[in-house]
Amino acid sequence: MADSGEPAPDALQQRLERILLGGRRKYTRLEVAEKAGVPEERSRRLWRALGFATVEDDEVVFTDADIEAIRTADQLMNSGLIDPGIELAVTRALGQHLSRLAEWQVHMLWTMITENKDIGTSERQIARLVDRLLPELEQVQNFVWRRHLAAYSGRAFASPDEDLQARTEVVGFVDMVGYTRLTRQIGEDELSAVLDRFESVATEVVAEHHGRIVKMIGDEVLFVADSAVDGAEIALALSERADADETLPAVRAGLASGRILLRFGDVYGSVVNLAARLTSTARPGTILVDKELATELAEFPEYEVRTRRPVSVRGYNRLRPSSLRRAQEQPSGMFASSQQLAAEMLGLTPGTAASESPDVEKLAEEIEDATADSLPPRPRSKRRRRR
C-alpha cells in the first residue's frame, strides 16, 4: 500500500500487531501448550483468567513470544512463590489492571495520531511511531513498578510480624456532590475535564499525605492511610482543594478505621462499607468519621471532632457519626450562619459560651440537614460556561 492517503485498517492493524506481539501469529493454542511444555488445560485457564476471549483449538493466533510467556508463567507458578490456590486470582488481577492501562495508552496514542495529520495519513509513520514509543513505555512502566515494589517491600520488611493482607487502616471515600445532575448539564469534553481535574487533585493530595489510592470510581476516590492523622489530612485537604477550585463541584467524605482485608489491590470488610455509608450521609463540604476514628482524632488539638445525631443507613441502625474539621475553623458557605441562626432562635447571643451549647448544636444540625438535600451542584465558573 502506498503511504499517501488513508491507511487500510486491516493492513495497519497487522503491522501494529507484529510490533506489539513481537512477531507474526504462527501457532494454535494447543501448539503453544505443547512447545511450552505446559498442560493444555492450564494454558486455557491462564488465558481466560488474563481476560482474553477463548479461541478455537485450530485458530492460529499465537506468536513465539506467547510460548515464552506461558513457559515463564508456568515456571513462576511451580517455583512456590505463588500458592496454587490463588494462581487464577493473581492472573485475573494482573489481566484486569494491565487491561485498563493498555486501554488508556491506546486512547492516548490514537488522540496523538488523529490530532497530527502528518502522522495520521501515513501507515508507515504510525507503525514507526508505535515501534519507537513501545520501548519507552515499557521502560517507564518498569521504573514505576520497581519504585512501588521498593515502597511496599520497605514496609513489609520494616514490620515483619505485620499481616499485610489483613491489618488496621483508615479507609476513606471522597466524592463530588451533584455529579449525576452535573452529567446532564455539561458535554462529554467538559465532563472529562472535570474528572481529570478531580483525579489529578486526589492523586496529589493522597500521595502528599502518605496514603494510597485504591481506585477511582467515577466521581469518587477510595483511599487508605496507615494513621488517623494521615487519613484526616487527606480528607480535609481534598475538601479544601475542591472548595478553592472553581472547576470542581464541592465534595463530601466519610472515614472509618479498623481491620480490612487487602486483596490484589482492592480492600474489603465492614470498615470499607461503613466509610461508604458515612459518605452517603455527609453534607456537601463536610467530613464524617466513625466512632473509632473520632476517638483517635480527639487527642489531636488541631482537629475539631463533634458527635452528630444518629442516622439510619443500609446495614447500620442508628449510626452515630462525628463531623471532622480543623480546630477553630468557622462554618462557611451555605452553612455559615446555621449556628448563629440557631442561637437566635433559642434567644442566645452568638459568640458566647451558651451559643456552643448542645441545644444550639442540635438545632444548627437540623437547620443544615433541612437545607442540604435541596442543594444544587456548584455553578460552573463563567469561564467554563462560555465554552
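Every value quoted in this text rests on a predicted model; they were computed, and no experiment measured them. (Residues numbered from 1 in each chain as written. Predicted model: local features only at pLDDT ≥ 70, side-chain atom pairs only at ≥ 80, totals over all residues. Heavy atoms only, no water.)

Describing the overall build of the protein
Thought 1: For the protein, the count of helices and strands is 15 helices and ten strands.
Thought 2: Expressed as a percentage of the 387 residues in the protein, the buried residues total 38%.
Thought 3: Pairs at least 24 apart in sequence give 66% of the contacts found in the protein among residues at least 6 apart.
Thought 4: Carbon together with sulfur atoms contributes 53% to the accessible area of the protein, which is approximately 22900 Å² in total. (Helix = DSSP H or I, 4+ residues; strand = E, 2+ residues; numbered from the N terminus. Buried < 20%, exposed > 50% of the residue type's maximum accessible area, 1.4 Å probe, protein only. Contact = heavy atoms within 4.5 Å. Areas by Shrake-Rupley, 256 points an atom, 1.4 Å probe, with all protein chains shown as cover.)

Regarding the packing of helix 9 (residues 188–208) against helix 10 (residues 228–244)
Thought 1: Where helix 9 meets helix 10, the axes come as close as 9 Å, and the angle between the chain directions of the two elements is 145 degrees. Both helix 9 and helix 10 take part in a crossing whose hand is right-handed. Counting all contacts with helix 9, which are made through Val201, Ala202, Glu204, Val205, Val206 and Glu208, the residues of helix 10 involved are Ile234, Ala237, Leu238 and Arg241.
Thought 2: When the residues that make up the contact of helix 9 with helix 10 are grouped by side-chain class, the tally is seven nonpolar, no polar and three charged. (Axes fitted to C-alpha atoms, helices over the stretch in contact; angles between N-to-C directions. Left-handed = near helix turned anticlockwise from the far one by under 90°. Nonpolar A, V, L, I, M, F, W, Y, C, P; charged D, E, K, R; others polar.)

Brief notes about the packing of aromatic side chains
Thought 1: In the structure shown here, the tally under the stated rule is three aromatic pairs.
Thought 2: Aromatic pair tryptophan 47 and phenylalanine 52: ring centres 4.6 Å apart, planes at 35 degrees, arrangement tilted.
Thought 3: Centroid distance phenylalanine 300 to tyrosine 303: 6.5 Å. Interplanar angle 65 degrees. Geometry classified as edge-to-face.
Thought 4: Residue tyrosine 303 is classed as buried on the basis of its relative accessible area, which comes to 7%. (Phe/Tyr/Trp six-rings, centres within 6.5 Å; stacked < 30°, edge-to-face > 60°.)

A look at helix 4 (residues 64–78)
In an α-helix, one turn spans 3.6 residues, which is why side chains three or four residues apart end up on the same side.
Thought 1: The end-to-end C-alpha distance of helix 4, which contains 15 residues, comes to 22 Å, matching closely the 21 Å that a straight helix rising 1.5 Å per residue would cover.
Thought 2: Listed in full, the buried residues belonging to helix 4 are Asp66, Ile67, Ile70, Asp74 and Met77. Take helix 4 and look down its axis: the buried residues cluster within an arc of 105 degrees, on one side only.
Thought 3: The inward-facing, buried residues of helix 4 contact helix 2 (29–36), helix 3 (40–49) and helix 5 (87–115).
Thought 4: The first or second residue beyond helix 4 is glycine 80, which carries a positive phi of 90 degrees. (Expected span 1.5 Å × (residues − 1). Arc of directions from axis to C-beta.)

With respect to the nonpolar core
Thought 1: Ranked by internal contacts, the top residues of the largest apolar core, which has 36 residues, are Leu238, Leu255, Ile287 and Leu324.
Thought 2: Going through the elements one at a time, strand 1 (166–176), helix 8 (179–183), helix 9, strand 3 (220–225), helix 10, strand 4 (251–263), strand 6 (287–289) and helix 12 (291–297) are the ones with two or more residues in this core.
Thought 3: In terms of nonpolar packing, the next biggest core, distinct from the first, is built from 18 residues, Ile260, Val272, Leu274 and Leu278 among them. (Core = buried A, V, L, I, M, F, W, Y, C linked by side-chain atoms within 4.5 Å.)

Quick look at the pairing of strand 4
Remark: a regular strand shows side chains that alternate across the two faces of the sheet.
Thought 1: Summarising the sheet, strand 4 and strand 6 pair through three bridges and their orientation is parallel. Residue pairing across strands places alanine 253 opposite isoleucine 287, the latter belonging to strand 6.
Thought 2: Note: strand 4 against strand 5 (residues 266–268), three bridges, orientation antiparallel. Across the sheet, the residue bridging to leucine 262 is valine 267, located in strand 5. (Pairing = 2+ DSSP bridges.)

A short note on the confidence of the model for the protein
Parts of the model with low pLDDT should not have their predicted coordinates read in detail.
Thought 1: Per-residue confidence for the protein averages 78 on the pLDDT scale, and 78% of its residues sit at or above 70.
Thought 2: Per-element mean pLDDT across the protein ranges from 38 in helix 15 (residues 382–385) up to 96 in strand 6.
Thought 3: Confidence over residues 350–356 falls short of pLDDT 50; this stretch has twelve contacts with residues more than four positions distant or in other chains.
Thought 4: Across residues 371–387 the pLDDT falls below 50, and counting only partners more than four positions away or on other chains, this stretch makes 32 contacts in the model. (pLDDT = per-residue confidence, 0-100.)

Considering unusual backbone geometry
Thought 1: Residue histidine 210 is not a glycine yet carries a positive backbone phi of 65 degrees.
Thought 2: For histidine 210, the location among the structural elements is in the loop between helix 9 and strand 2 (212–217).

As for the environment of aspartate 245
Thought 1: Within the secondary structure, aspartate 245 is located in the loop between helix 10 and strand 4.
Thought 2: Look at aspartate 245 and you get buried, because its relative accessible area is 11%.
Thought 3: Spatially, the C-alpha atom of aspartate 245 lies 9.8 Å from that of valine 201, the residues being 44 residues apart in sequence.

What about the side chain of threonine 279?
Thought 1: Within the secondary structure layout, threonine 279 lies in helix 11 (residues 270–281).
Thought 2: For threonine 279, a relative accessible area of 1% translates into the label buried.
Thought 3: Of note is the side chain of threonine 279, whose polar atom sits 3.0 Å from the backbone nitrogen of glycine 254.
Thought 4: Discounting residues that sit within four places of it in the chain, threonine 279 has contacts with Phe173, Asp175, Glu220, Arg252, Ala253 and Gly254. (Polar contact = N/O pair within 3.5 Å; in protein donor to acceptor, adjacent residues only side chain to side chain.)

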